[in-house]
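Single-letter residue listing:
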Amino acid sequence: MTRVLVLNGPNLARLGTREPEVYGSTSFSDLVSAVQRWGAGLGLDVEVRQTDDEAELIGWLHEAVDSRSDVVLNPAAFTHYSYAMRDAAAQVTGARLRLVEVHITNPYARETFRHTSVVGGVSTGTVAGFGLDSYRLALSALAPTD
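Residues numbered from 1 in each chain as written. Predicted model: local features only at pLDDT ≥ 70, side-chain atom pairs only at ≥ 80, totals over all residues. Heavy atoms only, no water.

Draft legend 1. Inspection of the overall build of the protein chain at higher detail. From N to C terminus, the protein chain includes five helices and five strands. Counting from the amino terminus, the protein chain carries its helices and strands in the arrangement β-α-α-β-α-β-α-β-β-α. Rg of the C-alpha trace for the protein chain: 14 Å, near the compact-globule value of 15 Å for 146 residues, within the 12% margin. Counting only C-alpha atoms, the protein chain reaches 40 × 30 × 25 Å along its principal axes. (Helix = DSSP H or I, 4+ residues; strand = E, 2+ residues; numbered from the N terminus. Rg over C-alpha atoms; globule rule 2.2 N^0.38 Å.)

Printed below as a string of structure tokens:
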């Protein structure tokens, strides 16, 4: 079974209460349940994590390399400026693992500072703007093909 780490950056634990007009009313706990259900349906062994700590998120990307796990990454605010995050993500794809960058909203339809992703250039692909379905689409891209 393909192992996938679904890693979430800052403020995503606040889903459902943080700007519901932007991010929706589904809680992070509900997202975790949905991602696990979607992953299981695709034959993926999915583990979902969230942190507000950049160093912890980087450590999880290192763990993905060491454990040979593909990654779905919502770097959140780290998307736009964390070169450390970019370098850790590059280690994932450099190890010939897949890393799909995910965003709930479409960053290009928002504030100008959100238009830059330092992670996108080293990701296998990016899914953005489909709400929580962005995660389902990312998992689909990582599903085994027979």
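Anyway, onward from the coordinates.
Draft legend 2. Representation of unusual backbone geometry within the structure. Notably, Arg68 is not glycine yet its phi reads approximately 60°, a positive angle. Within the fold, Arg68 resides in the loop between α3 (54-67) and β3 (70-74). The class for Arg68 is partly exposed, based on a relative accessible area of 48%. A positive phi is found at Arg96, a non-glycine position, where the angle reads about 65°. Looking at the secondary structure, you find Arg96 in the loop between α4 (83-94) and β4 (99-103). (Buried < 20%, exposed > 50% of the residue type's maximum accessible area, 1.4 Å probe, protein only.)

Draft legend 3. Spotlight on the environment of Leu42. You can see Leu42 is positioned in the loop between α2 (28-41) and β2 (44-50). In this structure the C-alpha to C-alpha distance between Leu42 and Ala141, which are 99 residues apart in sequence, comes to 9.9 Å.

Draft legend 4. Summary view of the pattern of salt bridges. Under the defined criterion, the tally for this structure stands at seven salt bridges. Note that Glu63 is salt-bridged to Arg3, the shortest N-O span being 3.6 Å. With Glu63 in helix α3 and Arg3 in strand β1 (residues 2-8), this pair connects stretches of sequence that are 60 residues apart. Overall, Glu63 belongs to the partly exposed group, its relative accessible area being 26%. Taking the relative accessible area as the measure of exposure, Arg3 reaches 24% and is therefore partly exposed. (Salt bridge = Lys/Arg side-chain N within 4 Å of Asp/Glu carboxyl O.)

Draft legend 5. Geometry of the nonpolar core. Val4, Val6, Val35, Val46, Val72, Tyr135 and Leu139 are the most contacted members of the largest nonpolar core, which totals 24 residues. Those elements that provide at least two residues to this core are β1, α2, β2, β4 and α5 (133-142). At six residues, the largest contribution of residues to this core is made by α2. Excluding its chain neighbours within four sequence positions, the residues that come into contact with Val4 are Leu44, Asp45, Val46, Glu47, Asp70, Val71, Val72, Leu139 and Leu142. Counting residues in each nonpolar core, the second largest holds 21 residues, with Leu73, Met85, Ala88 and Val92 among its members. (Core = buried A, V, L, I, M, F, W, Y, C linked by side-chain atoms within 4.5 Å. Contact = heavy atoms within 4.5 Å.)

Draft legend 6. Just the packing of α2 against α5, in detail. Two numbers describe how α2 lies on α5: the axes approach to 10 Å, and their chain directions differ by 25°. What the angle tells us is that α2 and α5 run roughly parallel. The two elements α2 and α5 meet at a crossing, and its hand is right-handed. Contacts from Leu31, Val35, Trp38 and Gly39 of α2 reach α5 at Asp133, Tyr135, Arg136 and Leu139. In terms of residue class, the contact of α2 with α5 is made up of five nonpolar, one polar and two charged. (Axes fitted to C-alpha atoms, helices over the stretch in contact; angles between N-to-C directions. Parallel < 35°, antiparallel > 145°, perpendicular 65-115°, else oblique. Left-handed = near helix turned anticlockwise from the far one by under 90°. Nonpolar A, V, L, I, M, F, W, Y, C, P; charged D, E, K, R; others polar.)

Draft legend 7. Examining α3 more closely. The end-to-end C-alpha distance of α3 is 20 Å, a good match for the 20 Å that 14 residues give at a rise of 1.5 Å each. Restricting attention to buried positions, one finds in α3 the residues Leu57, Ile58, Trp60, Leu61, Ala64 and Val65. Around the axis of α3, the buried residues are gathered within 155° of arc, so they sit on the same side. When the buried face of α3 is taken as reference, the exposed residues oriented beyond 90 degrees from it are Ala55 and Asp66. Buried residues in α3 make contact with β1, β2, β3, α4 and β4. At the N-terminal end of α3, a side-chain oxygen is found 2.8 Å from the backbone nitrogen of Ala55, two or three residues along, and the residue is Asp53. Taken from the residues just after α3, Arg68 is the one with a positive phi, measuring 60°. (Expected span 1.5 Å × (residues − 1). Arc of directions from axis to C-beta. Polar contact = N/O pair within 3.5 Å; in protein donor to acceptor, adjacent residues only side chain to side chain.)

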